[in-house]
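Chain residues, written in single-letter form:
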Amino acid sequence: MNYKKIAGLVGAFIISLSSLAQSGVIKGRVIDAQSNEDIPFANIALINNGDIINGSVTKGDGTFKIDNVTDGNYSISVSFLGYQPSEINDITISSGSRVVNLKEIKLVASSVNIEGVEVTATAQTSTTKIDRKTYRAEEFATASGGTAVDVLDKLPAVSVDGDGIVSVRGTSDFLVYINGKPTQTSASDILSQLPASQIKNVEIITVPGARYDAQGKGGIINITTQKGAVDGFSVVANGMIGGTPWTNKDDVYSHQKLDNNRYNAGVSLMYNKDKLSISGAFTMQSRNNKGRGIIDPYIYQHPEESVSGYPGSYYVLDGEGSRPKWYTNVMANAGINYQLSDMAEIAASYQYSKRTSGRTANYVYEAYFADTPDGEPYEGTLQEIYNPNDIHRDGWFSNLSVDYIQKVGERSQWTTSFIYETSYLEQTIDNKEFAYDGERYYYDDEPDFHSFQSDETPLDAYRFVLDYQHKFDNGNTLNTGVQPQWIRLDGEFAYDTIVGNGYWGDPSIESYDNSIDLKRDVYSAYVDYHGTSGKLNYVLGLRAEYMDQLMNVSSTEYFEYVYGYFSEIGDGRDFDQTDFRQRKFDLFPTLHASYDINELNSISLAASRRINRPPAKDMAPFLYRRHQEIYEMGDPLLEPEYTLNAELNYLRRFGKNNITITGFYRGVDNAIYRVNRVAYDMGNPGGVLLRSYTNAGNQTALGAELGMNLDIFSKVKLFAGGALYDFQVIADDELLGESRDSRSTNWNIKTNATWTITNPLKLTVDYSIKSASVTPQGESLQFEALNAAFNYKPEKLKGWTFSARMLDILGTNQAGGYTAAYEGEQILLHRGYVYDYEGQIVEIGVSYSFNKNKQKKQRKHIGDDYF
């Protein structure tokens, strides 16, 4: 045995243990100096005698740790794109100080001392925290001339259909928060009124914690708006014009102008001085989108139910024509924040917006009976109908909020908030029919049939928040509070027709007039506990909600006639019922947990139970004639849906890059579907599609999302994301006309690349493609779009930014799909549709930022931690 070798190994082992025992640890947390938000992926350099000897990268919560630091004196350098580097000197590791905790290291955003504050570098497009994904709006340059809807359309988990309806992972049921404050107005209405130029970040919270409302299958979208970052007075102004003037024309039937003209202009003012902050903004937007629609519905003439005289045949309605859309929006907001003391702060904000929107369908139909859907018309049955159908939706929205925040010592805080939201929306549908003989027809001609519908839905919503937050000595946090809210909505609906005689007032449809009175009170209390154990961070929460809802309907004259078409709905219904009351108590547990495997890898888990209370439009029994072949109404018997959301997230960092993989599951019980049936004795001689909403089954989504932030050659920054998931609709076959279960493999890919060609010139290109997806009674079409934008900041014109964008470069901006229902193997109805929104739109924009005070002092409000 070689004792010398053994002794040598033992000696080396003892020396290594001695060296390890003498090593130390340096740790800390890097945060934004203004917002106090964590800064993940910041670079940490350990310096000794001017040389970098070790390093680290901050984790998702901004923390870092450098192990095995030998005795000595050191400096720490902290840097991150978009921030001024910070250096901490005189750090000593010795036998008396093995662990050095630098606590919070605050980084200040980079800026230069000139008339306009200018960011010299950009952070990552997206970041991931324990309960949300955050996206920087300024990275999506092709959306800068639009609204929040255009920004959201760039994000992997979000999709927007041809009518501007926003969906999160395939569901449009979610809540919108603005700067941490919930809104009650329709999500799509709110988002379409918020200019992209005012948005700083978009947070997608698919599994919200207990202190957030449990409402919404898709979770919460929180929009944070731009705020002043420096003391003094600053102004930002912007404008944009765009369109496709080389393709503008008039509709051949109505002479309605068809164009893609658009503009927006806005100005925002910010003043920060000492304890006072004041902000205000005013914006105007207008956007037209010409388009074309093709629809081909057909209805089987059931031998036992059809009254057409052609049993066993098909009633075909082939329609085609222009389908332009438009909206204009004016918005103003103001806010004031005053720091009463180091321990107390008061804030108030007000927002007002007014919008006009609509669409026209100038369709010419060929209506006839045939043996098959594509067969020749029976002799004498062919009718050509010109059907201009106008929908106008106008209204205003306002929101007032007041907050008072009081710190209690260094570890506790009370927050009291009051929010009052009011809106007034009105809609008109003007539907005309002319016998078409190949000539052009105009709106001032006398129609053979004319129906006019109108509704008004004023809303008032009140919300009160009392929240208490306490941080314990070990760093763990308790958050508890109450959040009652009261919603009041009155709805009026009127319907009238002229049938060939030039006079309004058809007595057969006077009963369609109706009104509703909706009162929905929700009383909520919650508690969540945020703790740490080693490398594990977790948040456990529980929310209790009690709903007391009453809807009163003034007229039930047509209930039995209409709801009788939906056999399952009709069974057991009291057709004379006018008061519809629901009282429900529910508990909603939440769980969030994250574990740092090491400095480069981390995993997180989240799960919650949620509820989706149907909006008033789905419950109001107002009988709309949406098209020539469609009637639609809501159902006051609708009950809430219940959802289980779960996510498992993996984050991998490498240098300035990172990859995130998220597996998710969403299961919905008591799902609400829009059901189509055939009504043979309404409207057309061959019947119409009658739509209503009802609780009719379950729904699941199971799959994964991928997100990547990549810096390529320091000149190109690429954000790429996508999703792949199994989507299944498990429906009541009898209720849906034996639609059978529907299932599809859904996927989408979205990319956003920014190339810094030179320091003042950047090119941004984004591309998205989305697969077809099943619906309860059909399937949607695949969608794709390519957009590009140039941004130029000339060095000699400080504060100015010029931009040029082209949207829908490929001309593929289409929406479509089909709806169908069956009885056994016999198809009862089929409605295919394609809406082509003509693109290749060019936009030219300019903005100017001015800052009178050259100080770079960062402001922070007490309430920033809470929101």
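Quick note: structure is the one above.
Treat the numbers as computed from the prediction; the structure is a model and nothing was measured. (Residues numbered from 1 in each chain as written. Predicted model: local features only at pLDDT ≥ 70, side-chain atom pairs only at ≥ 80, totals over all residues. Heavy atoms only, no water.)

Enquirer: Sorry, what's going on with the nonpolar core here?
Expert: One broad trend across soluble globular proteins is that nonpolar side chains are buried collectively. I516, F559, L623, Y631, Y673, M682 and L690 are the most contacted members of the largest nonpolar core, which has 49 residues in total. If you tally residues by element for this core, the top one is strand β42 (residues 716-731), at 5 residues. When sequence neighbours within four positions are dropped, the list of residues in contact with F559 reads N514, V553, G564, F575, Q577, F580 and P621. By size, the runner-up hydrophobic cluster in this structure holds 28 residues, among which are F140, V158, V176 and V202. (Core = buried A, V, L, I, M, F, W, Y, C linked by side-chain atoms within 4.5 Å. Buried < 20%, exposed > 50% of the residue type's maximum accessible area, 1.4 Å probe, protein only. Helix = DSSP H or I, 4+ residues; strand = E, 2+ residues; numbered from the N terminus. Contact = heavy atoms within 4.5 Å.)

Enquirer: What is the right way to read the pattern of salt bridges from this model?
Expert: Working definition: two side chains of opposite charge can pair if their charged atoms are close together. As enumerated under the stated definition, the model contains 30 salt bridges in all. The shortest N-O distance in the salt bridge between D766 and K154 comes to 3.3 Å. Within this pair, whereas D766 is found in strand β44 (residues 761-770), its partner K154 is found in the loop between α2 (148-152) and β10 (158-160), the two being separated by 612 residues in sequence. The pair formed by D766 and K154 is uniform in burial state, with each residue classed as buried. (Salt bridge = Lys/Arg side-chain N within 4 Å of Asp/Glu carboxyl O.)

Enquirer: Before we go on, may I ask you to explain the sheet that holds strand β5 (residues 72-79) in this structure?
Expert: The strands that make up a sheet are held in pairs by hydrogen bonds between backbone atoms, and each pair lies either parallel or antiparallel. Taken in spatial order, the 4 strands make up an open sheet running β3-β2-β5-β6, and their pairing is antiparallel. Each end of this open sheet is capped by a strand with a single partner; those strands are β3 (51-57) and β6 (86-93). Direction aside, the axes of adjacent strands within the sheet are offset by 25° on average. Relative to β5, strand β2 (residues 43-48) is paired through 5 bridges, and the arrangement is antiparallel. If you follow I44 over to β5, its bridge partner there is V78. (Pairing = 2+ DSSP bridges. Axes fitted to C-alpha atoms, helices over the stretch in contact; angles between N-to-C directions.)

Enquirer: Looking at this model, I keep getting lost on a nonpolar patch on the surface. Mind explaining?
Expert: A cluster of nonpolar side chains, namely F233, I241, Y263, V267, L269, Y271, I278, F282, M284, V330, I336 and I844, defines an oily patch on the protein surface of about 980 Å² accessible area. For the nonpolar patch, the secondary structure elements donating two or more residues are β16 (232-243), β19 (262-273), β20 (276-289) and β24 (325-338). Top element by residues in the nonpolar patch is β19. It accounts for 4 residues. Note on placement: I336 falls in strand β24. For I336, a relative accessible area of 42% translates into the label partly exposed. (Patch = residues over 30% accessible without salt bridge, like charges linked within 9 Å, V, L, I, M, F, W, Y side chains within 5 Å. Areas by Shrake-Rupley, 256 points an atom, 1.4 Å probe, with all protein chains shown as cover.)

By themselves, these figures tell us nothing about what the structure is for.
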